[in-house]
Structure formats: C-alpha cells, structure tokens
Amino acid sequence: MGENGGANCYQQLAFTPASVSVEVSHAHKLQEAFECYDDDGRAKRTGTLWTASAHIVTAVIGSGVLSLAWAIAQLGWVAGPVVMLLFSFVTYYTSTLLADCYRSGDPIAGKRNYSYTDAVHAYLGEFAQLSLQNTSPWLSLFAFSSGGLKVKLCGFIQYANLFGVAIGYTIASSISMMAIKRSNCFHERGHENPCHASSNPYMIMFGIAEIFLSQIPDFDQIWWLSIVAAVMSFTYSSIGLALGILQVIGVPPSPVLHGQLNSLMHSGSDCSALLCFLTANKGFKGSLTGISIGAVSPTQKIWRSLQALGDIAFAYSFSLILIEIQDTIKAPPPSEAKVMKKASVVSIAVTTFFYMLCGCMGYAAFGDGAPGNLLTGFGFYNPYWLLDIANAAIVVHLVGAYQVFCQPLFAFVEKWAIRTWPDSTFITKEVAVPLTPTKRYRLSLFRLVWRSTFVVLTTVISMLLPFFNDVVALLGALGFWPLTVYFPVEMYIVQKRIPRWSLRWVCLQMLSLGCLVITIAAAVGSVAGIVTDLKVYQPFKTTS
C-alpha cells in the first residue's frame, strides 16, 4: 500500500541517503536527497487525508456488507442500528489509539513502526516491564509473560485471521458463482424449479485462479488488482442497496404488466417474479425486536443474535492494516497520527452511512426473512441480469481481496523461511523467466510450492465448511477484541504511562472487558451456528 514519491529520485540520484557526502561540493546532492527521502531513508511518502480515507473505505467495505440485513433481522429495528453505531464508535476510538502508536516516542520524529506487529513489539515488547505493571486484571495469565509473548500472540492472531479471511472469501465467491447459475436456471425454468447446484466445482475454480495470482511476488505489484476489487465492491453493494430500495417503495406496474399480474394471481402461481418485485412491499418490513420466537426457537434466537454481533464486527474490521495505511502518509507537519485520525473519522462515517443504508434497507425489504447474503439468498429473482452482474462483481472483488489479505501472510512466511534456512537453494534461489524482451519474472520454487499449498489448503477447508454467515461471524468475533480493542488499548496505556487504577485506566479496561464479552458471545453464537449446520451437512456434497 505504499504511496511513495521516490521514483524520480532514484533516477536522479546514484547514491543512498547513507552514502551522501557532507562535503561542500556535494551540498546540492545532499539537498536533493532530503527532498527525495523521509527521515527513515525510505522514499518520500505522498499519502494524504483523502488517500488514507480511500484505503480504509476500500478495505472495510467488502462482502461482509451483504450479511448486514440478516444481522439486523436477528436484532430488530432498535438493537440492530444501535449495535452498528456502537461498533462504529468503538472502532473509531480504538483506531485513534492505534494511530498514536505509529511512531515510538516523539509523535513527529520518533521511530516509525511499519506494521501492526512492529507497533506491538515496540510498545509491548521493548517496554514489556512497564506493560506488565499495567496489565488488565482479568488477563492475569499474561501478567507473568514477557512482552515477547504478546508480540507472538499478536502475530498469531493477525495471521490466523488472514488465513480465516481467505477461507471466508473462498466460500463467498463460490456462493456468488452458484447464484449466477441458479439465477439463469430460475429465469429459464421458473422459480418452482429447485435448480440445485454444488459449490465444490466453483471453489476449485476460484482456487485455481488464486494459485496463479498468488505467484505475484510482492504486495506492491497487485495495486491494479486492488483498484479493480474496490470498484467491484461499490458496484455490488450499490446494486444490493438499489434493489432493496425498490423492493420497499414499489413501482406502479404498467397496464400490460397489471394484466399479467392478474393472470399470475388467478393461476395461483408464486408471486416472486419481476411483476411482484416491481409492486412489492410499498412499506417497511421487520419488527422492533427482530425475528420472533415461534419462527425460531428461543435457543436459536439467542444464537442468531450473538452471531449477528460477529457479522457486524467483521464488517468494521480494518485494524489489521491501519498501521500499514498510516505508513503511506507524507511526513509531518501535520503528524501522521493527526492525519490518520481525520481519515478514520471520514472513512468510518462514510462506511457507517453506507452500512446503515444497505443493512436497514435490506431488512426493510425482506423483514425477518432477510437472506444471509443479500444478493445470493434469492430474496430478489429479477432482473436476473442485474443479479448476475452483481454476483460477478462479488467474485472479481473477492479474487482481488484474497490477494490483498494473503500477500502479507505470504511475505511473513517467506521471510521466516529465508532467516531459518539461509543456505537452502530451494528457498533462496530464483530463476529469471523472460516474459517480454524487457520484463522477466522471478520464479521461486519455494514460493510456487508454498503459496500453491496454501491455496489448496484454504480451498479444501472451504469445501468442508461452506457456511458463509457462520464463518464471517466467527472471523469477526475472533479478530475484533484482540486486534481492534485489546492491543491498541494496552499500547496506549504504555505509551501515555497511564497509572494503574486511575480513572482513565479503569475506563479503558472496562471498554476492553466489555468488548471481550461481546467477542466471546459472538464466537459462541458462531460456533453454535456451525454445529447446527454440520448436523445436516455431508462433506464435499454441498448443494443449494
């Protein structure tokens, strides 16, 4: 996600900042070096408030938005929007705490932390002794641990979450591809036809595509894929929103359509075709408390409500990459932290507005029957071509998003392997493969084997657990508290040297404890949902 402005500098200068001579004859080169490089010797960063906001919005608005209508259906018109606003506030507040941790020490000239794990290492590793004095009382398990353990724990959670996201995106892409096939089937054979389809072939197709794309060596080389994915995310989200609005307000039919509608009604046909879509609702569906007991059992109501919390948490997660985004912002003044806090306000406000529209309009359109995925649950059947476009956009977005989230994990494992076995030619050797007269691809056997194995593994696990809503909720639950709340709060306490049992310390710990309870509850609900699905599921035989 680098926003660097040093390309021209590399052409103008034949030296690095470390080799700049302080002789008078080289004074003009020294001045050029200062103009081309930041204080850490890296090329000048050029990111602004708006580019940082765009990065956050692009990262946050993803496939999770399609499950928000279902989440609100479980909670109702009162709790649903309130919970969404609560998560947005918590996400914003903790993002401001995390933004202050980009530099260690002085906020203007302190040492930069290039990643989330770097920030945790700087504050909870290097300053572990101070951290231990302020550790949360309910986490006494970690009180005797070194800061290094917290760094390892953070890394494990971060990369495990990335692994889980890869599984979730594989599942979601296959559901969208199945939806395209079934949509065309419904159009040709009628809605009474079950039009069953298996998800396994589509997961395999997605996996094959990712095996090829995963061979792109570096994160900065997939910028074009990220841009395409961002456009696609707004495309399908906007289509879902527009269909929900039309479903609510209704469109008066023409005389010809009115006659066809009467024929459908007299024939006793199911009123779910385009004619009924055009005349549907004319008002808001749903209730204040969500899906009622009777439609589901009291136990199911509890599990579903808890799972809904996980869905909403997943939709707001961007802490994983906040530090990386902040690392693209140009050097002070103003400080990167100030710019990042403003970007967080802008992006979270835009995201929350968009989420409220999509989630609430989806619930208003379908009420308690809101599907788990707004575009693939077949609350809408027509216009089928528009649904096909939306689902194709989902697939393209997920192809790119898979790489955006997995490239940091790929890089981490490959760097670890090189450090561990520096003399292994299998790991370190690269073969130059000519693509064009001027371009060559650096083929690494280790990268080919490791990344292909990773994609195959995530694909197989996805085929075993193809439960989109449950997986999304579980990912949101597992990643929300530790990455969005706990580590930012603990780093902030260390950074500001907040005394233990002071009012601010108590308030921060209460916030962390409250979010921990929500995380545990959402995780329990998600696991319960997966267990329920497994009772009627046969591995590798999933159909819709």
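Keep in mind that what you see is a predicted model, and the values were worked out from it rather than measured. (Residues numbered from 1 in each chain as written. Predicted model: local features only at pLDDT ≥ 70, side-chain atom pairs only at ≥ 80, totals over all residues. Heavy atoms only, no water.)

**Let's talk about the overall build of the protein**
Now for step 1: Looking only at helices and strands, one finds 19 helices and 4 strands in the protein.
Now for step 2: Buried residues in the protein amount to 51% of all 544 residues.
Now for step 3: Sequence separation of at least 24 residues holds for 80% of the intrachain contacts in the protein that already meet a minimum separation of 6.
Now for step 4: Carbon and sulfur atoms make up 68% of the accessible area of the protein, which totals about 24,500 Å². (Helix = DSSP H or I, 4+ residues; strand = E, 2+ residues; numbered from the N terminus. Buried < 20%, exposed > 50% of the residue type's maximum accessible area, 1.4 Å probe, protein only. Contact = heavy atoms within 4.5 Å. Areas by Shrake-Rupley, 256 points an atom, 1.4 Å probe, with all protein chains shown as cover.)

**Re the pattern of salt bridges**
Opposite charge on two side chains lets them pair, provided their charged atoms get close.
Now for step 1: Applying the stated criterion across every chain yields a total of 6 salt bridges.
Now for step 2: The partner of Lys341 in a salt bridge is Asp100, with the nearest N and O atoms 3.0 Å apart. Of this pair, Lys341 sits in helix α14 (residues 336-366) while Asp100 sits in the loop between α4 (68-99) and β1 (103-104), placing them 241 residues apart in sequence.
Now for step 3: When the shortest N-O distance is used, the salt bridge between Arg451 and Glu414 registers 2.7 Å. Placement of Arg451 in helix α17 (residues 445-464) and of Glu414 in helix α15 (residues 384-420) is noted, with a sequence separation of 37 residues between them. The same class applies to Arg451 as to Glu414, namely buried.
Now for step 4: When salt bridges with common partners are traced through the structure, they connect Arg103, Arg112 and Glu336 into a single cluster. (Salt bridge = Lys/Arg side-chain N within 4 Å of Asp/Glu carboxyl O.)

**With respect to the packing of aromatic side chains**
Now for step 1: Following the criterion strictly, the structure yields 14 aromatic pairs and no others.
Now for step 2: Consider the rings of Trp77 and Tyr363, whose centres lie 4.9 Å apart with planes at 45°: the pair is tilted. Highlighted residues: Trp77 in helix α4 and Tyr363 in helix α14, separated in sequence by 286 residues.
Now for step 3: When the ring of Phe163 is compared with that of Phe454, the centres are 5.5 Å apart and the planes differ by 75°; the resulting orientation is edge-to-face. Placement of the pair is Phe163 in helix α7 (residues 147-189) and Phe454 in helix α17, with a sequence separation of 291 residues.
Now for step 4: On the basis of relative accessible area, Phe163 is assigned to the partly exposed category, the value being 24%.
Now for step 5: Chaining the aromatic ring pairs together yields one cluster made of Phe163, Phe410, Trp450 and Phe454. (Phe/Tyr/Trp six-rings, centres within 6.5 Å; stacked < 30°, edge-to-face > 60°.)

**Quick look at the pairing of strand β3 (residues 430-434)**
Now for step 1: Of the pairings in the sheet, the one linking β3 to strand β4 (residues 440-444) comprises 5 bridges and is antiparallel in character. Bridging across to β4, Ala432 finds its partner in Arg442.
Now for step 2: As consecutive antiparallel partners, β3 and β4 are separated by 5 residues. (Pairing = 2+ DSSP bridges.)

**Observations concerning unusual backbone geometry**
Now for step 1: Positive phi is not limited to glycine here, since Arg497 has a value of about 50°.
Now for step 2: Tracing the chain through its elements places Arg497 in the loop between α18 (468-496) and α19 (503-535).
Now for step 3: According to the relative accessible area criterion, Arg497 is exposed, its value standing at 60%.

**Re the nonpolar core**
Now for step 1: Ile312, Phe454, Phe487 and Met491 are the most contacted members of the largest nonpolar core, which totals 118 residues.
Now for step 2: Here this core gets 15 residues from one element, more than from any other, and that element is α15.
Now for step 3: Those residues within four positions of Ile312 in sequence are excluded, and the remaining contacts are Leu68, Ala71, Leu75, Val83, Met84 and Phe87.
Now for step 4: Judged by nonpolar contacts, the second largest core, of 5 residues, contains Ile167, Ile171, Ile175 and Met203. (Core = buried A, V, L, I, M, F, W, Y, C linked by side-chain atoms within 4.5 Å.)

**Some details on a nonpolar patch on the surface**
Now for step 1: On the surface, Val456, Val460, Leu464, Leu465 and Leu534 cluster together into a nonpolar patch covering about 340 Å² of accessible area.
Now for step 2: If one sorts the elements of the nonpolar patch by residue count, α17 sits on top with 3 residues.
Now for step 3: Assignment of secondary structure puts Leu464 in helix α17.
Now for step 4: In this structure Leu464 comes out as partly exposed when scored by relative accessible area, which is 31%. (Patch = residues over 30% accessible without salt bridge, like charges linked within 9 Å, V, L, I, M, F, W, Y side chains within 5 Å.)

**A look at helix α5 (residues 116-125)**
Now for step 1: Burial of α5 is extensive: 7 of the 10 residues sit out of reach of the surface.
Now for step 2: Buried within α5 we find Tyr116, Thr117, Ala119, Val120, Ala122, Tyr123 and Leu124.

**Focus on the packing of helix α8 (residues 200-213) against α17**
Now for step 1: Running from N to C, α8 and α17 point in directions that differ by 165°, and their axes come no closer than 9 Å. Classed by the angle they form, the pair α8 and α17 counts as roughly antiparallel. Relative to α17, the crossing made by α8 is right-handed. Across from Asn200, Met203, Ile204, Gly207, Glu210 and Ile211 in α8, the residues of α17 making contact are Ser452, Val455, Val456, Thr459, Ser462 and Met463.
Now for step 2: By residue class, the composition of the contact of α8 with α17 is 6 nonpolar, 5 polar and 1 charged. (Axes fitted to C-alpha atoms, helices over the stretch in contact; angles between N-to-C directions. Parallel < 35°, antiparallel > 145°, perpendicular 65-115°, else oblique. Left-handed = near helix turned anticlockwise from the far one by under 90°. Nonpolar A, V, L, I, M, F, W, Y, C, P; charged D, E, K, R; others polar.)

**Some details on the confidence of the model for the protein**
Now for step 1: Of all residues in the protein, 75% attain a pLDDT of 70 or more, and the chain-wide mean is 75.
Now for step 2: Mean pLDDT across the elements of the protein bottoms out in helix α11 (residues 274-278) (44) and peaks in α8 (92).
Now for step 3: Segment residues 1-7: pLDDT under 50, and 22 contacts once partners within four positions in sequence are set aside and those in other chains are kept.
Now for step 4: In the predicted structure, residues 10-25 sits below a pLDDT of 50 and forms 16 contacts with residues beyond four places in sequence or in another chain. (pLDDT = per-residue confidence, 0-100.)

**Comments concerning the packing of α4 against α14**
Axes are the key here: two packed helices are described by the angle between their axes and the distance separating the axes.
Now for step 1: The N-to-C vectors of α4 and α14 enclose an angle of 175°; their axes lie 10 Å apart at closest approach. If you check the angle between α4 and α14, you find them roughly antiparallel.
Now for step 2: Broken down by class, the residue content of the contact of α4 with α14 amounts to 19 nonpolar, 9 polar and 1 charged.

**Some details on the environment of Ala71**
Now for step 1: Looking at where Ala71 falls in the secondary structure, it is placed in helix α4.
Now for step 2: Judged by its relative accessible area of 0%, Ala71 is buried.
Now for step 3: As a C-alpha pair, Ala71 and Cys360 span 289 residues in sequence and 9.8 Å in three-dimensional space.
Now for step 4: Those residues in contact with Ala71 that lie beyond four places of it in its chain are Ala308, Asp311 and Ile312.

**Thoughts on the environment of Ala417**
Now for step 1: Here Ala417 is to be found in helix α15.
Now for step 2: A relative accessible area of 0% places Ala417 in the buried class.
Now for step 3: Considering only alpha carbons, one finds Ala417 and Ile427, 10 residues apart in sequence, at a separation of 7.1 Å.
Now for step 4: Those residues within four positions of Ala417 in sequence are excluded, and the remaining contacts are Ile427 and Phe446.

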